[in-house]
Amino acid sequence: MLTQTTTRVLEPADLGAALAVLESAPVENAFVAARVQAAGLDPWRLGGEMWGWYADGRLRSLCYSGANLVPMCATPDAVRAFADRARRTGRRCSSIVGPAEPTAQLWRLLEPGWGPARDIRAHQPLMVTEEPSADVEPDPFVRRVGRNEMDVIMPACVAMFTEEVGISPMAGDGGLLYQARVAELVGSGRSFARIEDGKVVFKAEIGAATSHACQIQGVWVAPEHRGKGLSETGMAAVLRYALADVAPVASLYVNDYNTPARAAYRRVGFREVGAFMSVLF
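Undergrad: Just checking my understanding: could you explain the state of the cysteines for this structure?
TA: Here a disulfide denotes a covalent bond joining the sulfur atom of one cysteine to the sulfur atom of another. Under the defined criterion, the tally for this structure stands at 0 disulfides. Summary of cysteine pairing: C63 is not part of a disulfide, and the nearest cysteine sulfur, belonging to C93, is at 8.9 Å. The structure places no disulfide on C73, whose sulfur is separated from the nearest cysteine sulfur, that of C63, by 12 Å.

Undergrad: Would you mind showing me how to read the pattern of salt bridges here?
TA: Pairing between side chains becomes possible if they bear opposite charge and their charged atoms approach one another. For the coordinates displayed, the defined rule picks out 16 salt bridges. One salt bridge in this structure joins R194 and D139, with 2.8 Å as the shortest N-O distance. Placement of R194 in strand β8 (residues 191-196) and of D139 in the loop between β6 (119-129) and β7 (143-144) is noted, with a sequence separation of 55 residues between them. Among the residues examined, R194 registers a relative accessible area of 17% and is labelled buried. Assessed through its relative accessible area of 4%, D139 is described here as buried. Residues participating in the shared-partner salt-bridge network are D119, R121 and E164.

Undergrad: What should I look at first to understand helix α2 (residues 30-39) in this one?
TA: Owing to its 3.6 residues per turn, the α-helix aligns residues three or four sequence positions apart on the same side. Those residues of α2 not exposed but buried are A30, V32, A33, A34, V36 and A39. Those residues of α2 that are buried lie in contact with α1 (15-23), α3 (43-46), β2 (49-55), β3 (58-65), β4 (68-72) and β9 (199-209). Positioned one or two residues after α2, G40 has a phi angle of 75 degrees, which is positive.

Undergrad: Even after reading the chapter, I still don't get the packing of aromatic side chains, so can you show me in this structure?
TA: The geometry of an aromatic ring pair comes down to the distance between the two centres and the angle between the two planes. Under the defined criterion, the tally for this structure stands at 7 aromatic pairs. Relative to F82, the ring of W51 lies with its centre 6.5 Å away and its plane at 35 degrees, an arrangement referred to as tilted. You can see W51 sitting in strand β2 and its partner F82 sitting in helix α4 (residues 76-89), a full 31 residues away along the chain. Looking at W51, the relative accessible area reads 1%, which means it is buried. Judged by its relative accessible area of 1%, F82 is buried. Measuring from ring centre to ring centre gives 5.2 Å for F161 and Y178, while their planes differ by 65 degrees; the resulting arrangement is edge-to-face.

Undergrad: Got a minute to help me understand unusual backbone geometry in this structure?
TA: Backbone phi values are negative for most residues with the exception of glycine, while trans is the configuration of most peptide bonds. Cis geometry marks the peptide bond from G115 to P116, where omega comes out at -5 degrees. Relative to the helices and strands, P116 resides in the loop between α5 (100-114) and β6. Of note, the phi angle at C73 is positive, near 50 degrees, even though the residue is not glycine. Assessed through its relative accessible area of 25%, C73 is described here as partly exposed. One non-glycine residue with positive phi stands out, namely D197, at about 55 degrees. Mapped onto the elements, D197 comes out in the loop between β8 and β9.

Rules used throughout
- Residues numbered from 1 in each chain as written.
- Predicted model: local features only at pLDDT ≥ 70, side-chain atom pairs only at ≥ 80, totals over all residues.
- Heavy atoms only, no water.
- Disulfide = S-S within 2.5 Å.
- Salt bridge = Lys/Arg side-chain N within 4 Å of Asp/Glu carboxyl O.
- Helix = DSSP H or I, 4+ residues; strand = E, 2+ residues; numbered from the N terminus.
- Buried < 20%, exposed > 50% of the residue type's maximum accessible area, 1.4 Å probe, protein only.
- Contact = heavy atoms within 4.5 Å.
- Phe/Tyr/Trp six-rings, centres within 6.5 Å; stacked < 30°, edge-to-face > 60°.

Shown next as structure tokens:
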């Protein structure tokens, strides 16, 4: 018996079914799940479309299509359907990112028309923890960034983004969207830093948060302070806040070639449970 499948743009009425799919893999899907919980499925509020793949009338897989193209809980058949839709609409995203296997398949299908990519990070270990290691003492000077400290935190955020992505977030629109995102994180109490003499020494953000899991991002140490263990003690401090105030599980993903960072995160209590992949345009 053939399975009947279809793909369509989800509507606000599909919210419950979409959340059920997202919550079936709460750590992998934390970034998109947080946005959906906050904005629903209306494309204007969500910042993009949510594509759904149905098998025998049941929603099985999702793909967020906005600034990023993100396959979620995507079977091989669903990835092929999402690739077909993406080819028809044309590339609107600045990256494809998600769990490594479906993202790699999606890129193989899209590369002939969308390539070449500016950078491909094929294996980015996904790391999680429910309890920080007792071996690393949290930095007592790491704290939440205040709303009146935007001018202090922004240079560090721009430096981190430029180092990580390879382009400045201030390009294009002059950084308006990026500044708004940083302000959102600061305003929600999810931006943390150690600040000395008006300059950021260490910083990190809880970039996405649901009741099930949160995702830490933007970990950065000022160049002149690297090699002193501040990434470990700083991350231990952020974990203390994240696990006590935000969610029972904290996650992050890191480039596989960044062996010092991977080792530091393991010492703090993270373990590898999977992998992401990013294709940057």
